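What the coordinates show
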Amino acid sequence: MSPQTPSTPSPFPFSTMIQWIRWSVIGLLVMVVCTIAYLGPKSRQQVAQTPPNSQHPETTASQTSPSPQSKSANNRQPATYTANFKTDRPETLEEKLTANYNPAVDRWDTEVLTAAAKKQIKIISKMIEDPDLIDLEHTSPLVTDDFACQALRPADMTEVYSDGVFVLQRPVHQVPTDGNDPDEQSSGANSLIIGLRELTKAFDQTTGIRAHLKIFKINQTDTHFTTRIHFEASSQSDRRGVQVNGQWLANWTNPNDHADGLPRLLSLTTDLKEYEEITIHTKQGKLFVDCTESAIGRTPYHEQQVGRGVSDWAWQISVIENIFHTAYQGMAIGDVNGDHLEDLYICDVGGLPNRLYLQNPDGSLRDISVEAGVDFIDYTPAALLIDLDNDGDQDLALSMWPQIVLLENDGQARFTPRSYHDAVSHAASLAAADYDEDGDLDLYVMGYFSSDDTRQTPAPLPFQDANNGGTNALLRNEGDFQFTDVTAAVGMDQNNTRYTFAAAWEDYDNDGDLDLYVANDFGRNNLYRNNGKRFVDIAPQAGVEDIGTGMSVTWGDYDRNGWMDLYVSNMFSGAGNRITFQRKFEQGMAATTAADIQRVSRGNTLFKNAGDGSFFDASVSANVTMGRWAWASKFIDLTNNGWQDLVVTNGFVTHEDTGDL
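Residues numbered from 1 in each chain as written. Predicted model: local features only at pLDDT ≥ 70, side-chain atom pairs only at ≥ 80, totals over all residues. Heavy atoms only, no water.

Some details on unusual backbone geometry
The omega torsion of the bond from Trp401 to Pro402 falls at 10°, within 30 degrees of zero and hence cis. Following the sequence through the fold, Pro402 ends up in the loop between strand E16 (395–400) and strand E17 (403–409). With a phi close to 45°, Asn495 is a non-glycine residue in the positive phi region. Mapped onto the fold, Asn495 is located in the loop between strand E22 (482–485) and strand E23 (500–506). Phi at Arg560 is positive, roughly 55°, even though this residue is not glycine. Residue placement: Arg560 occurs in the loop between strand E27 (552–556) and strand E28 (565–569). The exposure class of Arg560 is partly exposed, given its relative accessible area of 46%. (Helix = DSSP H or I, 4+ residues; strand = E, 2+ residues; numbered from the N terminus. Buried < 20%, exposed > 50% of the residue type's maximum accessible area, 1.4 Å probe, protein only.)

Quick look at the packing of helix H3 (residues 109–129) against helix H5 (residues 189–200)
The geometry of a pair of packed helices is captured by two quantities: the angle between their axes and the separation between those axes. Between H3 and H5, the shortest axis-to-axis distance is 10 Å and the interhelical angle comes to 45°. Here H5 runs oblique to H3, going by the angle between their axes. Read as a crossing pair, H3 and H5 show a hand that is right-handed. Residues Ile124, Met127 and Ile128 of H3 pack against Leu196, Leu199 and Thr200 of H5. Residues that form the contact of H3 with H5 fall into these classes: five nonpolar, one polar and no charged. (Axes fitted to C-alpha atoms, helices over the stretch in contact; angles between N-to-C directions. Parallel < 35°, antiparallel > 145°, perpendicular 65-115°, else oblique. Left-handed = near helix turned anticlockwise from the far one by under 90°. Contact = heavy atoms within 4.5 Å. Nonpolar A, V, L, I, M, F, W, Y, C, P; charged D, E, K, R; others polar.)

Observations concerning H5
Here H5 is twelve residues long and its end C-alpha atoms lie 17 Å apart, about the 16 Å a rise of 1.5 Å per residue gives. Those residues of H5 that fall on the buried side of the exposure criterion are Ala189, Ser191, Leu192, Ile193, Gly195, Leu196, Leu199 and Thr200. Tucked inside the fold, the buried residues of H5 contact H3, helix H4 (136–139), strand E3 (143–149), strand E7 (224–236), strand E8 (241–253) and strand E9 (265–270). (Expected span 1.5 Å × (residues − 1).)

Description of the pattern of salt bridges
Under the counting rule described, the total for this entry stands at 17 salt bridges. Residue Arg170 is joined to Glu276 by a salt bridge in which the shortest nitrogen-to-oxygen separation is 2.9 Å. A residue pair is termed long-range when its members are at least 10 positions apart, and Arg170 in strand E5 (residues 166–171) and Glu276 in strand E10 (residues 276–280) qualify at 106 residues. Exposure remark for Glu276: the relative accessible area of 10% places this residue in the buried category. Connected through salt bridges with shared partners, the residues Arg228, Asp271 and Lys273 form a single ionic network. (Salt bridge = Lys/Arg side-chain N within 4 Å of Asp/Glu carboxyl O.)

Looking at the sheet that holds E28
Read across the sheet, four strands follow the order E27-E28-E29-E30 without closing on themselves; strand pairing throughout is antiparallel. If you trace the sheet from one side to the other, it starts and ends with E27 and strand E30 (615–617), each paired once. Ignoring strand direction, the axes of neighbouring strands in this sheet form an average angle of 25°. Judged from the five bridges that link them, E27 and E28 form a sheet pairing that is antiparallel. Paired with Ser552 across the bridge in E28 is Ser569. (Pairing = 2+ DSSP bridges.)

Some words on the nonpolar core
Grouped together as the largest cluster of nonpolar side chains are 36 residues, with contacts concentrated most on Ile124, Ile128, Leu196, Phe231, Trp248 and Leu268. For this core, the secondary-structure elements that each account for two or more residues are H3, E3, H5, strand E6 (207–220), E7, E8 and E9. At six residues, H3 tops the list of elements feeding residues into this core. Excluding its chain neighbours within four sequence positions, the residues that come into contact with Ile124 are Leu142, Leu196, Leu213, Trp248 and Leu265. Counting residues in hydrophobic clusters, the runner-up holds 19 residues, among them Tyr345, Leu356, Ile368 and Phe376. (Core = buried A, V, L, I, M, F, W, Y, C linked by side-chain atoms within 4.5 Å.)

Digging into the pairing of E8
Burial of E8 is extensive: eleven of the 13 residues sit out of reach of the surface. With 13 bridges connecting them, E7 and E8 associate as antiparallel partners. Residue pairing for E8: Phe225 is matched across the bridge by Trp252. Taken together, E7 and the strand that follows it, E8, pair antiparallel across an intervening segment of four residues. One ladder, built from five bridges, connects E8 with E10; its direction is antiparallel. Within E10, the residue paired with Val242 across the bridge is Thr279.

Let's talk about the pairing of strand E24 (residues 515–520)
Of all six residues in E24, six are buried, a share of seventy percent or more. On E24, burial covers both faces: Asp515, Tyr517 and Ala519 on one face and Leu516, Val518 and Asn520 on the other are all buried. As paired strands, E23 and E24 are joined by six bridges and run antiparallel to one another. Within the sheet, the bridge partner assigned to Ala503 lies in E24 and is Val518. Where E24 meets strand E25 (residues 526–530), three bridges bridge the pair, whose relative direction is antiparallel. Each bridged residue has a counterpart across the sheet, and for Val518 the counterpart in E25 is Asn526.

Details of the side chain of Ser364
Residue position: Ser364 is located in the loop between strand E13 (355–359) and strand E14 (365–367). Looking at Ser364, the relative accessible area reads 8%, which means it is buried. In terms of polar contacts, Ser364 uses its side chain to reach the side chain of Asp362, at 2.6 Å. When residues no more than four places from it in sequence are discounted, the contact partners of Ser364 are Ser294, Ala295, Arg298, Leu358 and Gln359. (Polar contact = N/O pair within 3.5 Å; in protein donor to acceptor, adjacent residues only side chain to side chain.)

Have a look at this one:
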C-alpha cells in the first residue's frame, strides 16, 4: 500500500520494494535498448552476410537476389529472406479452441446462420437511426419479393402507467388484429418500408435515434430458419425522451440460396406481449444528466489521470502493480468531514492513486487524497466508508490486495491505518452489518480467487455449479479496530468456495436479526439465515439458489407488503440463449444439467418474498430479466412516488462493437 505523499506512513513495506523493482527493471530496459542501438547496425550486417541455413538447417528460406542496379556501393541493399519456422509439434489446446471459435469449423450451423442474419439486421438498425435511409435501395436486398411485414408499431396503444415523469403505453390487444396485420396491398421491400416508417413515427419531434437489435433465439429447418430479436431504440428532445422496447419474430431464407451468402426476410412480426413505449417528460429528455465534468473536471488530476482512460495507462503500468483494466475497482460514499455532505472515494486501477473527493456546498468536488492519506496505488477492488469505532465519523475499510486494511478517521478527513487482516488474501468485495447485535459493525469479506497467485486460480468447475473458488470470511468487531475470524464458529463455512462477487445483509424473515444473501459468479447462491448469532444456508429450501452468474444483490420491498424482496444481477447472453437450447448442445447431457446451463444465460432474477420464509421467482412476469451483463443493481425510488424502482449497471469494456453485451 503506497500513498503518493512521503509524509503518510506506509503499512506495507513491500510497496517500497515494488517501486525499487519497477525502476530497476526500467533501468535494465534502458541499458538493453542502448546496447541494441549501438550493436544494431553491426548485427544487421552480420545477419545479412550469414547464409540462411548455416545455423538452422531445419529452417527453410528463400533469398532474394539484388538487382544489377543495386550492386553499386551507393545503392547496395541487404539481402532479404522469407523464413518459415513451422515445426512438427502437436496442435495445442489453445489453437484447437481458437479454431473452433469459427462456428463453421465447429459445425454450429445455427451460429453461422445467426452471423449472416446479423449483417442484415444491422442494416435495419441503421435505417431506424436514420429514417431517410428507409427506401427501396436499402430494403430490397433484405427481403424476398413476397415478404410480409406486420405493423412493427401496434395501431392501438393504451396508457398503463403515468406519474408525471414516466408515461408507459402498451398495445390494447395482446394478439394480432386486423389493425396489426400486414397491408395486403404491399409486399416485398414496400412492406418493410411501411413497417419501418410507421415504427419511427414513435420518435417524431426528437433527435439522435439509437437502435439496438440482438438475436437471442434461433430455430432451423431444412428450408429456412426463424429468429427472435430483442429490439430497443431511444431518442431525445429538449423536453422529452422516448424509448421503445420489443421483440420481433423473423422468418429467413437459407443464405445458401443467394449469391451473396446472406439470408432474406420472409416475414417480420412484432410480439405484441413484449411491445412498450416509454416517454420521459424531463429536461433534455433524460432521467439523469452526466455532470462529471462540472462536478469533478476542475480537480487537478482528473484530466491527467481519469481523462486519459485505462487503455492509455495499460501500456505504461507494470503488471506487478496489479492493473485490472477491465473492471473490478471499488467505490464508497460517505460524509468524511462531518459537514453533512456526502463525499466520494474512488479506487483506480493498480498503479494509479485512489482519490478522495470532498463535496463542496455547490455540489462540485475537490481532491483531498494526499492530505487525507488515502492516495494508495495498490489494487483496491472494494471500499466502505463506515463507522468502525462508534465515534460518529466515517472510517475507511479497503480490500487492498493482498490484505484488508482498516483506517481510522480523525473526524477531519485525515485517515490513519490501524489494522490489517489476511483472512481473505484477495477479497473481491466487502459488506458490513452488526450481525451479533453488540453495537458495532462487523465485516463480511468475499474472496473470489482460490489462490494467492490469481493467475493460478482454477477454472470454475462445473461451470453452472462451481465450488472450487476462494473462501469468504466473517470478521467480528472486537473494538479498537481489532477483528476476529468467526466464519466457522458461526456456521458460515457451509458452501463457502463459490466465486463470490457480492453480498447484502437484510432481515428478510422479520425476526429482528440480520440475514445474509451471497451472490456467486458460477452457479448457486447462498442465503444464510441468522438463527441467533449462528447461520444456516437455506437457499435451496427458500428457493433462491438462482443458478447463474451472480454479480450483485439488492433488497427492497417492491410490492410494499412489508416483506423484503430480492433482486440478483446476472448476465443476459444472446449467444447463451441461442446455443444452449439447441439439440446439439443438449446431446449427452443430463436434462437437469442442460436446464441449469440454460438458466445461466437468462439474465437477472427478482425473488418475491412469500412471507413464510420462502420466495418465488417473479422475474419474467415483472419483465426484469433483461439487464445485459449486469454488474450492479439497486432498488431505489427514482421519482419519489413511494415505489421502489430498479437501476442496473451493465456492460464491460467500452468499445464500438458491443458484441454479446
